[in-house]
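Topology and contacts: notes
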Amino acid sequence: DPRVGRILADWIGQLAALFPSPFFHVGFDETWLLEKEAQQLGRTPEELYLEQLTRVAGLVQKNGKVPMAWADMMEKYPRMIPQLPRGLIAVPWHYDPLSDAEYHRFLSPFQAAGVPTMVLSAVMNWHWVTPNYTKSFQVDSLLLEAGLKHGAMGFVNSEWTDNTHAALMRMARPALAHGAIAGWQGTGPATAEFIPAYAAALYPEGVAQQVGHAIELLDRSERLLETAQGTTVDSLWANPFSTARLDRSRQHGKELHESRQAAEEAEALLEGAADATTDSATIHAWLVGSRMLNYIALKYIYADQIAGFWKELGEHPKKHDVTTLIALETADQYHSRAADMLDAIGGLRDGYRDAWLEEYSPFRMSVALDKFDAEFQFWWRFQRRVQALASAYREGGQLPALETVVEPGQ
């Protein structure tokens, strides 16, 4: 629609006037409807994309700036690469460790066409409750090495908040520092030495070692949880009684216990450091992160144990055994696994809210907090259903399948 051109010209003019940087990033990534729109217009995706990119890049250049654009769609349609607007910097972004052959496949077409590039890494924080520092550092080093090999003019690091459970950005600071150092030095700093050095540079001598060890423990806890249940933000809100989740919990019980232990050790170290530094907001964010990791691990440990109770009881258990394993161990209102989860999630919500307000405005906060409320409601409903089941059960009766108690109607 040609009317959009006037809007873009106005916006680009305003933004160019606001920022002194010579670079102007126009985005252009993840245009998932490109093929559909091109088909409707009787054109190729390359033609449609290049037309719009050329138009926008020209507006940026008229305002005295150097246009930059994400390169994912250029990689998807590499025939357009030699036709990219002159002066545009393409920004290939890859957030997983790749092989030399894969980096070559992505980057060599830009080098061959003489298109300048800046490679983009990222802090692994948007699907992760706490950053996966190990993976972030690995991607920094590999992508920087590949970029230099293929003539990249620069290296960019990034972090993302588009997940509606927004990452607490203060926790990403070690990974941002790592990316900055990697780009400045032309090689990633030694991973084993980096976190202790980072903590020593930022925190008082008396607590630097504690903070550094806590960061390492959080990284360990996060990675163990990923092994056990996949990306941790998804695991935080998922139904732990689903068949797939229970299967993973049974297979990775060791990792769940070790993840929880690492999170608890990190929490103890951070609590000891909280009053000994002026950077209390970052310590608080890490504390919230450690408690969320602990909660996730406990959630899946308990779900596995509860499923084990159901299996142990069989279809026609004794009333006494139902009272013991179901009424008391699983759903007692005071001391049970369901009660533990209700206590834990309520405390997490309040801590997360406080940490959010230490670094963000309230915009979008309700979207994240409502998920904590939904998690509370999940366990509260489960507790009441199990209590009702145990109360109504009679000797010789049939115990319903666990999944029908978790999700009635199944």
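Below or above, wherever it landed, is the structure these notes cover. (Residues numbered from 1 in each chain as written. Predicted model: local features only at pLDDT ≥ 70, side-chain atom pairs only at ≥ 80, totals over all residues. Heavy atoms only, no water.)

1. Structural notes on the packing of aromatic side chains
Put simply, the rule reads: For this analysis, a ring pair means two rings from Phe, Tyr or Trp (six-membered ring only for Trp) whose centres lie within 6.5 Å, classed as stacked if their planes differ by under 30 degrees, edge-to-face if by over 60, and tilted for the remaining angles. The rule is simple: take the accessible area with a 1.4 Å probe, protein chains only, and divide by the maximum for that residue type; under 20% is buried, over 50% is exposed, in between is partly exposed. To sit over a ring, a charge needs its Lys NZ or Arg CZ within 6 Å of the ring centre and within 35 degrees of the ring normal.
This structure, assessed with the given rule, holds 17 aromatic pairs. Taking the centre distance of 4.9 Å and the plane angle of 65° together, the rings of W356 and Y360 count as edge-to-face. Relative accessible area serves as the criterion here: at 2%, W356 is assigned to the buried category. Taken together, the aromatic side chains of W237, Y352, W356, Y360 and F372 make up a single cluster linked through ring pairs. In this structure, R105 is placed above the aromatic ring of F106, and the distance from its NZ or CZ to the ring centre is 4.7 Å. Just above the ring of Y302 sits the side chain of R337; from NZ or CZ to the centre is 5.4 Å.

2. Considerations on a nonpolar patch on the surface
To keep things clear, this is the line we draw: Residues enter patches when they are more than 30% accessible in relative terms and free of salt bridges; like-charged ones are connected within 9 Å and nonpolar ones (Val, Leu, Ile, Met, Phe, Trp, Tyr) within 5 Å. Areas reported as accessible are Shrake-Rupley estimates using a 1.4 Å probe. Residue values count occlusion only from the protein chains shown. Whenever Lys or Arg places a side-chain nitrogen within 4 Å of a carboxyl oxygen from Asp or Glu, that contact is recorded as a salt bridge. Only DSSP runs of H or I covering at least 4 residues are called helices, and only runs of E covering at least 2 are called strands; the numbering of each starts at the N terminus.
Residues I7, W11, L15, L18 and F19 make up a contiguous nonpolar surface patch of roughly 540 Å² in combined accessible area. Along the polypeptide, W11 turns up in helix α1 (residues 2-18).

3. Some details on the side chain of S221
Note the following rule: In what follows, residue pairs with any heavy atoms lying within 4.5 Å of each other are defined as contacts.
Along the polypeptide, S221 turns up in helix α9 (residues 205-229). Setting aside residues up to four positions removed in sequence, S221 forms contacts with S259, A262, A263 and L293.

4. Notes on the packing of helix α8 (residues 191-202) against α9
Packed helices, taken two at a time, are described by the angle between their axes plus the distance between the axes. This is how it is decided: Here an angle of 0 to 180 degrees is reported between the N-to-C directions of two axes, which are lines fitted to C-alpha atoms, with helices fitted over the stretch in contact. Should an angle fall under 35 degrees it is called roughly parallel, over 145 degrees roughly antiparallel, and 65 to 115 degrees roughly perpendicular, with every other angle called oblique. Each crossing gets its hand from how the near helix is turned against the far one by less than a right angle, where anticlockwise is left-handed and clockwise is right-handed. Residues are grouped as follows: Ala, Val, Leu, Ile, Met, Phe, Trp, Tyr, Cys and Pro are nonpolar; Asp, Glu, Lys and Arg are charged; every other residue, Gly included, is polar.
Running from amino to carboxyl end, α8 crosses α9 at an angle of 140°, the nearest separation of the two axes being 8 Å. Judged by the inter-axis angle, α8 sits oblique to α9. Here the hand of the crossing between α8 and α9 comes out right-handed. Residue-level contacts link I195, P196, Y198, A199 and A200 of α8 to A208, V211, G212, I215 and E216 of α9. Along the lines of polarity and charge, the residues of the contact of α8 with α9 split into eight nonpolar, one polar and one charged.

5. A word on the pattern of salt bridges
Across all of its chains, the model carries 20 salt bridges by this definition. A salt bridge links E258 to R220, with the nearest nitrogen and oxygen atoms 3.2 Å apart. In this pair, E258 is assigned in helix α12 (residues 253-273) and R220 in helix α9, connecting sequence segments 38 residues apart. Among the residues examined, R220 registers a relative accessible area of 36% and is labelled partly exposed. Linking K299 and E375 is a salt bridge whose minimum nitrogen-to-oxygen distance equals 2.9 Å. Here K299 is found in helix α13 (residues 280-313), whereas its partner E375 is found in helix α16 (residues 365-392), with 76 residues between them in sequence. Overall, E375 belongs to the buried group, its relative accessible area being 4%. Linked through salt bridges whose partners overlap, the residues forming this network are R43, E47, E51 and R55.

6. Some remarks on the environment of A338
One can find A338 in helix α15 (residues 337-359). Given a relative accessible area of 0%, A338 falls into the buried group. Excluding residues within four positions of it along the chain, A338 makes contact with T330, A331, W379 and Q383.

Geometric values such as these leave the question of function open.
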